[in-house]
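# Analysis of the macromolecular model
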Amino acid sequence: MRGKARRSQCSSPRCSARLAAEVAAEVAAWAKKSLALREANSRELEAAAAGSANENARAEEEARAPVVEQASQAHAPEELPALGPSPARAADAEPAPSDGAAAGGAWREEAEEEEEAPRVAKQVPRVTRGRKRYRGFRYEARQDTRQARRRQPKVVVVGAGFAGVAAAARLQKEYGYQVELLEARGRIGGRVHSLLDGEGTTVELGAAVLMGTRGHPLATLCRKHSVKMERLEPSCPLHDSETGRQLPPELDARVESLFNDALDSASAAARAPHASALFAHAGAQLDVESRGEWRRALVVARRTGTPRRGPSHGAASSSSSPPGATPPTAAPPPVVDEAAEEAEAEAEVEVSARVTRASPVPPLVPPPVLTAAAAAAAAGEPPRRRADSEYSSETPPTLPSPGEPAADLASEALVRYLPPAEKRAAPGKGRAEEEVEEWIALPSARLRPPALETALAGALRARRAASAADDLGGEEMAGAAERALQWHLANLEFACAASLGNVSAAEWDQDDAFDYEGDHVLLPEGGYQGLLHRLADGVEARCGITVTGIEMRDNPSGIRAVCKESNEVIAADALVLTVPLGVLQTPPEAGGIRFTPPLPHRKLDALGRLGFGLLNKVALWFDAPFWGRHSDFFGRTVADPQDRGLFFLFLNLHRVSGQPVLLGLVAGGAAERLEELDDEQAVQAAVGALRGMFGASVPEPRKHVVTRWGADPHSRGSYSYVAAGARGSDYAVAAEPVGGQLFFAGEHTSVEHPATVVGAYLSGLAAATAVHKMLRKKAAGPAAPQQQEVERRAASPPPSKRAAAPRREPASAGKRRRRR
């Protein structure tokens, strides 16, 4: 109407055009606004529909049945429980039947059912997805989600070396647990320390060589992460420091063969059945258990011929009587003069050699068991002190005759307990304390096998004495051969990271059957630590946090780690401890970890028996190479056995990196003495060793780095070994969890690959799997009593009247290979 009025007021073309433009603008504005409103409403409707669909689906899947049941119970009339719910309430409680039948069993007309069906269909979502009820369900769902996140198990991993990173990565990435990785150092890696010098050279101050690429898990990871592996040449020429010349290859090969034969002989003798009856010969030093502790003792004499006491002898004597004969009446024991019999028994003892305090290293080749006397009274005599003059060394040892029943004759060893080493070393004091002696029946579990050094010394002497063609080319070459032999001993100390006097002769190579085959390689681009950073991708580590205490509790707070620097206590459901063995062997007062409650005695004993050795390195940077470039390794021989491990081996990094860098290795007792020197003294010792091999023209290095792993409070050594008196099974005991909360990992918990990076890596994966199984079992809760009884009966075999067969030990894992 307004348009018509305007057109009637003015009919000129100009006014008509202006009016038409205004109308068109208003219509366009209205249309645009209407279109925007329509689109907005459409988006809101689509969003509401989508949200409603998602909410409906989730509500119907998770909460339809319990919510409908609660709604039905809330609306049902309490005064008429026997009549059942009304048709409308029944329809609310469960969906209407597809054929339109009455929901509660009440009769209705078909038309009424058709009218009621749409209303019932609307009531079902209104009951199950009503606004208030859905809001309450959504709140409860959010609350449950928050509680689930709050209850997500948490695992603390102590130590960010290969074991700790492997455990943390698997627990977080594969199993989805909350993981807190703690590292005491300011870097991850632990005893893996790859130094990048900024000139393209990676110097491994810790673990260096990946040994064997066939089937090696870390070699597989290197290929997966495109980490370059550089093959090392296996040759290692030896330079004689006395002559300044390289050792002839044929002499080197002959000495190596002699050394390998002696090593195999010593190890086989120590592993033989009833080995204590072999190595406990006159002149040997060994450890004897006395009053719960192990003491060093010297075997003074051996004797055999005493009939073994036991039922077998009685049975044999009775069976010798003819059938039906009356057994003879035992005669009364004769009156024996104990002093005279003891003197006679001592006179019949035959000794292989007189042992004095000034004797050199005693031979350890197991001599034949002596066949001298039968002195029954001496077996039960109390320990007492004797003089060396009481024994005779004139009668040489003899073998038992072929027909002699040696198995029925007892063998005994007379051991003399020695005072502690510090008292033995005190000059001018004479005998610091009275030496006690004791006869011990053989074989005996109270005797430890000898250390590897002592066993090797005797075996080497035996091999050389038995060889008729032992002349190695004159006196000069014999001296060179002795120095080469000392180098092989130093190389063995490098393999064990300990002086051979501390290494078990029987178990030192118990892991050789599990070695990987293939080339030995270096990782020139980033080293082991570069590979570790790839494994740790996505895992956050808190560095600079030292754990000084671990508290195990049965309450819901679980296990707790007490941290030193941050003064905090971190609670967790489980804890994986990957600190080195040297830290575990350190008492809390000296910087170790305090366990509350203390660890079980079984684990403490295993950790104490294992050894933790030392290997140090000195890296030298030069302006130009002055050594031969054809070999990645070259060795150095010395005359003094005390210094045989001092820079006995150099690793040439020039071929791998292109930079003139040498890495000198110090093993055995020399590694401990190196830590007492400052950097300048250590570098001068390394340069002096090089000048002894290549002449006085060897220049001073322009840069150097010296390691001291023994003085590092976070490692206290390099890697583990089987010490004298320990066994390879102690590694398995060290890996056992405690209380279902505390788990252990590290190279010292690997039976197959101790003292290696791959052993640490695999132990971390195994510990993570054990934690996951424990937490999953704990989350499942205890089984019902009936189920527990079923599981118990299924696990236990049915009772049998026959005695169980003796358990057979598994066969050997394969022929042991000599460690080179």
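The following paragraphs examine the structure supplied in this document.

## Digging into the packing of aromatic side chains
Counted under the stated rule, the structure contains eleven aromatic pairs. Linked through ring pairs, F622, F626, W627, F634, F647, F650 and F694 together constitute an aromatic cluster. Of note, R303 hangs over the ring of W439, and the distance from its end group to the ring centre comes to 3.5 Å.

## Observations regarding the sheet that holds strand β18 (residues 594-596)
Spatially, the four strands line up as an open sheet ordered β16-β15-β14-β18, and their pairing is mixed. Each of the sheet's edge strands pairs with one partner strand only, and the pair in question is β16 (569-572) and β18. Pairwise comparison of adjacent strand axes, ignoring direction, gives a mean angle of 20° for this sheet. As defined by bridge partners, strand β15 (residues 559-563) adjoins β16 across four bridges and the pair is classed as antiparallel. Bridged to I559 within β16 is A572.

## What to know about the nonpolar core
One recurring pattern in soluble globular proteins: nonpolar side chains tend to sit buried together. By size, the foremost hydrophobic cluster in this structure holds 51 residues, and its most contacted members are V203, L452, L456 and L492. Looking at which element gives the most residues to this core, the answer is helix α15 (residues 475-496), with nine residues. In this view, L452 contacts L263, L492, L500, V503, S504, A505 and W508; residues no more than four positions away in its chain are not counted.

## Considering helix α8 (residues 217-224)
Listing the buried residues of α8 in full gives P217, L218, A219, L221 and C222. In this structure, the buried residues of α8 make contact with α7 (162-174), β5 (210-211), α16 (527-535) and α23 (757-780). Taken from the residues just after α8, S226 is the one with a positive phi, measuring 55°.

## Overview of the pattern of salt bridges
Summed over the entire model, instances satisfying the criterion amount to 28 salt bridges. Two residues, E412 and R303, come together in a salt bridge whose shortest N-O distance is 3.0 Å. Of the two residues, E412 is situated in strand β10 (residues 409-417) and R303 in strand β9 (residues 293-307); the sequence distance between them amounts to 109 residues. Bridged by salt links that share partners, the residues K154, E180, R542 and E568 form one connected network.

## Observations regarding helix α21 (residues 679-694)
Since the α-helix packs 3.6 residues into each turn, any two residues three or four apart lie on the same face. Its 16 residues give α21 an end-to-end C-alpha distance of 22 Å, which sits within 8% of 22 Å, the value for a rise of 1.5 Å per residue. Those residues of α21 that sit buried are A682, V683, A686, V687, A689, L690 and M693. End-on view of α21: buried residues confined to an arc of 155°, all on one side of the axis. Where α21 ends, the next residue or the one after it, G695, has phi of about 100°, a positive value.

## Quick notes on the environment of E233
You can see E233 is positioned in the loop between β6 (230-231) and β7 (238-240). Judged by relative accessible area, E233 falls into the partly exposed class, the value being 30%. Excluding anything up to four places from it in sequence, E233 contacts D632, F633 and R655.

## Points about unusual backbone geometry
The general pattern is negative phi for most residues beyond glycine and trans for most peptide bonds. The amide bond that connects L442 to the next residue, P443, takes the cis arrangement and shows omega of -5°. Along the chain, P443 turns up in the loop between β11 (437-442) and α14 (452-466). At the junction of T596 and P597, the peptide bond is cis and its omega measures out at -5° in the coordinates. One non-glycine residue, F647, adopts positive backbone phi at about 50°. Checked against the element boundaries, F647 lands in the loop between β21 (633-637) and β22 (649-652). Look at A755: it is not a glycine, yet its phi comes out positive at around 65°. Secondary-structure assignment places A755 in the loop between β26 (742-744) and α23.

Basis of the calculations
- Residues numbered from 1 in each chain as written.
- Predicted model: local features only at pLDDT ≥ 70, side-chain atom pairs only at ≥ 80, totals over all residues.
- Heavy atoms only, no water.
- Phe/Tyr/Trp six-rings, centres within 6.5 Å; stacked < 30°, edge-to-face > 60°.
- Lys NZ or Arg CZ within 6 Å of the ring centre and 35° of its normal.
- Pairing = 2+ DSSP bridges.
- Helix = DSSP H or I, 4+ residues; strand = E, 2+ residues; numbered from the N terminus.
- Axes fitted to C-alpha atoms, helices over the stretch in contact; angles between N-to-C directions.
- Core = buried A, V, L, I, M, F, W, Y, C linked by side-chain atoms within 4.5 Å.
- Buried < 20%, exposed > 50% of the residue type's maximum accessible area, 1.4 Å probe, protein only.
- Contact = heavy atoms within 4.5 Å.
- Salt bridge = Lys/Arg side-chain N within 4 Å of Asp/Glu carboxyl O.
- Expected span 1.5 Å × (residues − 1).
- Arc of directions from axis to C-beta.

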